Amino acid sequence: MPTHKTPGGKLLSHPEPNRREQIIDAAYASIAENGVAGTSHRGVAARCGVSLGTITYHFSGIDALILEAFSLYARRIADLVRNRLDRPMDRAAAIDAVVDLIHIDFHADQTDYNVTYELYALASRQPALRELVHDLIGVGLRSLGRHFDEPQARAINTYIEGASTHLALDTQQQTPEQTRNALQKLAA
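Cut-offs used in this document
- Residues numbered from 1 in each chain as written.
- Predicted model: local features only at pLDDT ≥ 70, side-chain atom pairs only at ≥ 80, totals over all residues.
- Heavy atoms only, no water.
- Helix = DSSP H or I, 4+ residues; strand = E, 2+ residues; numbered from the N terminus.
- Rg over C-alpha atoms; globule rule 2.2 N^0.38 Å.
- Buried < 20%, exposed > 50% of the residue type's maximum accessible area, 1.4 Å probe, protein only.
- Contact = heavy atoms within 4.5 Å.
- Expected span 1.5 Å × (residues − 1).
- Arc of directions from axis to C-beta.
- Polar contact = N/O pair within 3.5 Å; in protein donor to acceptor, adjacent residues only side chain to side chain.
- Phe/Tyr/Trp six-rings, centres within 6.5 Å; stacked < 30°, edge-to-face > 60°.
- Lys NZ or Arg CZ within 6 Å of the ring centre and 35° of its normal.
- Core = buried A, V, L, I, M, F, W, Y, C linked by side-chain atoms within 4.5 Å.
- Axes fitted to C-alpha atoms, helices over the stretch in contact; angles between N-to-C directions.
- Parallel < 35°, antiparallel > 145°, perpendicular 65-115°, else oblique.
- Left-handed = near helix turned anticlockwise from the far one by under 90°.
- Nonpolar A, V, L, I, M, F, W, Y, C, P; charged D, E, K, R; others polar.

1. Thoughts on the overall build of the protein chain
So, step 1. Looking only at helices and strands, the protein chain has nine helices and two strands in total.
So, step 2. Tracing the protein chain from N to C terminus, the helices and strands come up as β-β-α-α-α-α-α-α-α-α-α.
So, step 3. Computed over the C-alpha atoms, the radius of gyration of the protein chain is 20 Å, more than 25% above the 16 Å expected from 2.2 N^0.38 for a compact globule of 188 residues.
So, step 4. Along the longest, intermediate and shortest principal axes, the C-alpha atoms of the protein chain span 70 × 35 × 25 Å.
So, step 5. Counting the 188 residues in the protein chain, one finds 40% classified as buried.
So, step 6. By sequence separation, contacts in the protein chain at least 24 residues apart represent 61% of the contacts at least 6 residues apart.

The following block contains the structure:
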């Protein structure tokens, strides 16, 4: 860890650049693998190869670390939604963008599914996480609202959640064409 001397000659150490982000990434991976109940300071420290003191230096407690991991997830999902939908396109292209969001972006990694379900379960009981989910829903509604009227945007946003869940858990997965057909009906 880099150090420097104070004017009085005392050695001070500074955290490595990006250490906080590495810890958040490790917490995210732990939540995906072990759930929130199985995520601890000690486990996150071991996962990212830092001391327990480094974790407590950056985060006031495990709840603060978990909130940051879920915030990272929310930023990633919001970026995916914005990248697909926050540009001018016709209705057919917007529907195709939603199909890609569901079948490509959201279906790419089981890790994100696991984190999603952990977040939703906790959000029902924890106001800070409920607010995070509310903000994420708002991102979806605003992005969809560029292409669909408000009732359609709400229906499609809800459909995205359900279709993503089915892709993650159903043994008979829906095809992109079936998703496109459903979206066309919701947008009619």
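After that view, the rundown keeps rolling.
2. Brief notes about helix α8 (residues 150-169)
So, step 1. Taking 1.5 Å of rise per residue, the 20 residues of α8 would be expected to cover 28 Å, and the 29 Å separating its terminal C-alpha atoms lies within 8% of that figure.
So, step 2. Looking only at α8, the buried set comprises Gln 152, Ala 153, Ile 156, Asn 157, Tyr 159, Ile 160, Ala 163, Ser 164, Leu 167 and Ala 168. Looking straight down α8, one finds that the buried residues subtend no more than 165° of arc, so they occupy a single side. The outward face of α8, more than 90 degrees from its buried face, is lined by the exposed residues Pro 151, Thr 158 and Leu 169.
So, step 3. Considering only its buried residues, α8 is in contact with α5 (91-105), α6 (110-123), α7 (127-144) and α9 (176-186).
So, step 4. Between a side-chain oxygen at the N-terminus of α8 and the backbone nitrogen of Gln 152 the separation is 2.9 Å; the capping residue is Asp 149.

3. Describing the packing of aromatic side chains
So, step 1. Taken as a whole and judged by the stated rule, the model has zero aromatic pairs.
So, step 2. Looking at Arg 76, its charged tip hangs above the ring of Tyr 28, at a distance of 4.7 Å from the centre.

4. Topic: helix α4 (residues 62-85)
So, step 1. Compared with an ideal rise of 1.5 Å per residue, which puts 24 residues at 34 Å, α4 spans 35 Å between its outermost C-alpha atoms and is within 8% of the ideal.
So, step 2. Every buried residue belonging to α4 is among Leu 65, Ile 66, Ala 69, Phe 70, Ser 71, Leu 72, Tyr 73, Ala 74, Ile 77, Ala 78, Val 81 and Leu 85, and all of these are buried.
So, step 3. Those residues of α4 that are buried lie in contact with α1 (19-34), α2 (41-48), α3 (52-58), α5, α6 and α7.

5. Comments concerning the nonpolar core
So, step 1. Counting 54 residues, the largest nonpolar core has Leu 65, Phe 70, Val 98, Leu 144, Ile 156 and Ile 160 as its most contacted members.
So, step 2. Mapped by element, the contributors of at least two residues to this core are α1, α2, α4, α5, α6, α7 and α8.
So, step 3. By residue number, the principal contributor to this core is α4, which donates 11 residues.
So, step 4. Other than its neighbours up to four places away in sequence, Val 98 contacts Leu 85, Leu 144, Ile 156, Ile 160 and Leu 183.

6. Quick notes on the environment of Ile 62
So, step 1. Within the secondary structure layout, Ile 62 lies in helix α4.
So, step 2. The exposure class assigned to Ile 62 is partly exposed, which follows from its relative accessible area of 24%.
So, step 3. Considering only alpha carbons, one finds Ile 62 and Asp 79, 17 residues apart in sequence, at a separation of 26 Å.
So, step 4. Look past the residues within four positions of Ile 62 in its chain and what remains in contact with it is Thr 39, Ser 40 and His 41.

7. Remarks on the side chain of His 103
So, step 1. Counting through the fold element by element, His 103 comes out in helix α5.
So, step 2. Overall, the relative accessible area of 14% leaves His 103 in the buried class.
So, step 3. The residues contacting His 103, other than those within four sequence positions of it, are Leu 167, Gln 174, Thr 175, Pro 176 and Thr 179.

8. Comments concerning the packing of α7 against α8
So, step 1. It is the contact of α7 with α8, at a shortest axis distance of 9 Å, that shows an interaxial angle of 130°. One way to sum up the angle between α7 and α8 is to call them oblique. Classified by chirality, the crossing of α8 by α7 is right-handed. Contact residues: Ile 137, Gly 140, Leu 141 and Leu 144 in α7; Ala 153, Arg 154, Ile 156, Asn 157 and Ile 160 in α8.
So, step 2. Residues of the contact of α7 with α8, tallied by class, amount to six nonpolar, two polar and one charged.

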